[in-house]
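Each chain is listed here by its residues.
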Amino acid sequence: IVMGLTWHLFNSHIWSTGQDAVGNIKSELQLLVPGLKIFLDVDDLKDIGSLEEYIQHSQMILFFLSCGYFRSKNCLREVRSS
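Residues numbered from 1 in each chain as written. Predicted model: local features only at pLDDT ≥ 70, side-chain atom pairs only at ≥ 80, totals over all residues. Heavy atoms only, no water.

Q: With reference to specific residues and values, describe the packing of aromatic side chains.
A: Applying the stated criterion across every chain, the model contains five aromatic pairs. Pairing tryptophan 7 with tyrosine 54 gives two aromatic rings, centres 5.8 Å apart and planes at 55°, and the pair type is tilted. Of this pair, tryptophan 7 sits in strand E1 (residues 7-12) while tyrosine 54 sits in helix H3 (residues 51-56), and the two are 47 residues apart along the sequence. Under the relative-accessibility criterion, tyrosine 54 is labelled buried at 11%. The structure contains a cluster of three or more aromatic residues connected by ring pairs, namely Trp7, Phe10, Phe39 and Tyr54. (Phe/Tyr/Trp six-rings, centres within 6.5 Å; stacked < 30°, edge-to-face > 60°. Helix = DSSP H or I, 4+ residues; strand = E, 2+ residues; numbered from the N terminus. Buried < 20%, exposed > 50% of the residue type's maximum accessible area, 1.4 Å probe, protein only.)

Below, the structure written as structure tokens:
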């Protein structure tokens with residue numbers, strides 16, 4: 001990880017159609033690359049008001065574009081702050 005960052009990857013997704021898939025992506029990537037730090041809201045989100053900070057502390061963002069993604073206010077916040 002680049003100095004000053006917390007996560008290698010931030011998983012951006014909409015809960016209703018992407019939660020299970022990004023959970024599987026996180027698990028598989030961590031099996032393939034031990035020590036990989038991946039932000040996933042159900043595991044790491046402490047404050048939705050700090051969403052932009054989580055992204056700023058991530059080296060890379062994976063946008064999982066499933067149905068409804070661009071209608072989600074929080075997903076759009078993630079896109080804008082990336």
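There is more to say, and it comes next.
Q: Go over the sheet that holds strand E2 (residues 38-39), please, and point to the residues and values.
A: Reading across from one edge, E2-E1-E3 is the order of the three strands in this open sheet, with parallel pairing throughout. This sheet does not close on itself; its edge strands, each paired only once, are E2 and strand E3 (58-63). Here E1 pairs with E3 via five bridges, running parallel. Its bridge partner being in E3, serine 12 is matched across the sheet by phenylalanine 63. (Pairing = 2+ DSSP bridges.)

Q: Tell me what's going on with helix H1 (residues 15-32), and back it up with residues and numbers.
A: Helical geometry note: an α-helix holds 3.6 residues per turn, so side chains three or four residues apart project in the same direction. The end-to-end C-alpha distance of H1 is 25 Å, a good match for the 26 Å that 18 residues give at a rise of 1.5 Å each. Here the buried face of H1 lies against E1, E2 and helix H2 (41-44). (Expected span 1.5 Å × (residues − 1). Contact = heavy atoms within 4.5 Å.)

Q: Describe the side chain of glutamine 19, and please don't skip the residues or the numbers.
A: By the element assignment, glutamine 19 lies in helix H1. Look at glutamine 19 and you get buried, because its relative accessible area is 16%. Within the local environment of glutamine 19, its side chain forms a polar contact with the side chain of histidine 13, the two groups lying 2.8 Å apart. Not counting chain neighbours up to four residues away, the residues in contact with glutamine 19 comprise His13, Ile14, Leu40, Asp41 and Val42. (Polar contact = N/O pair within 3.5 Å; in protein donor to acceptor, adjacent residues only side chain to side chain.)

Q: Which residues make up the nonpolar core, and what values do they have?
A: Among the nonpolar cores identified, the biggest contains seven residues, and these are Trp7, Phe10, Phe39, Leu51, Tyr54, Ile55 and Ile61. Of all the secondary-structure elements, those providing two or more residues to this core are E1 and H3. (Core = buried A, V, L, I, M, F, W, Y, C linked by side-chain atoms within 4.5 Å.)

None of this, on its own, says anything about what the molecule does.
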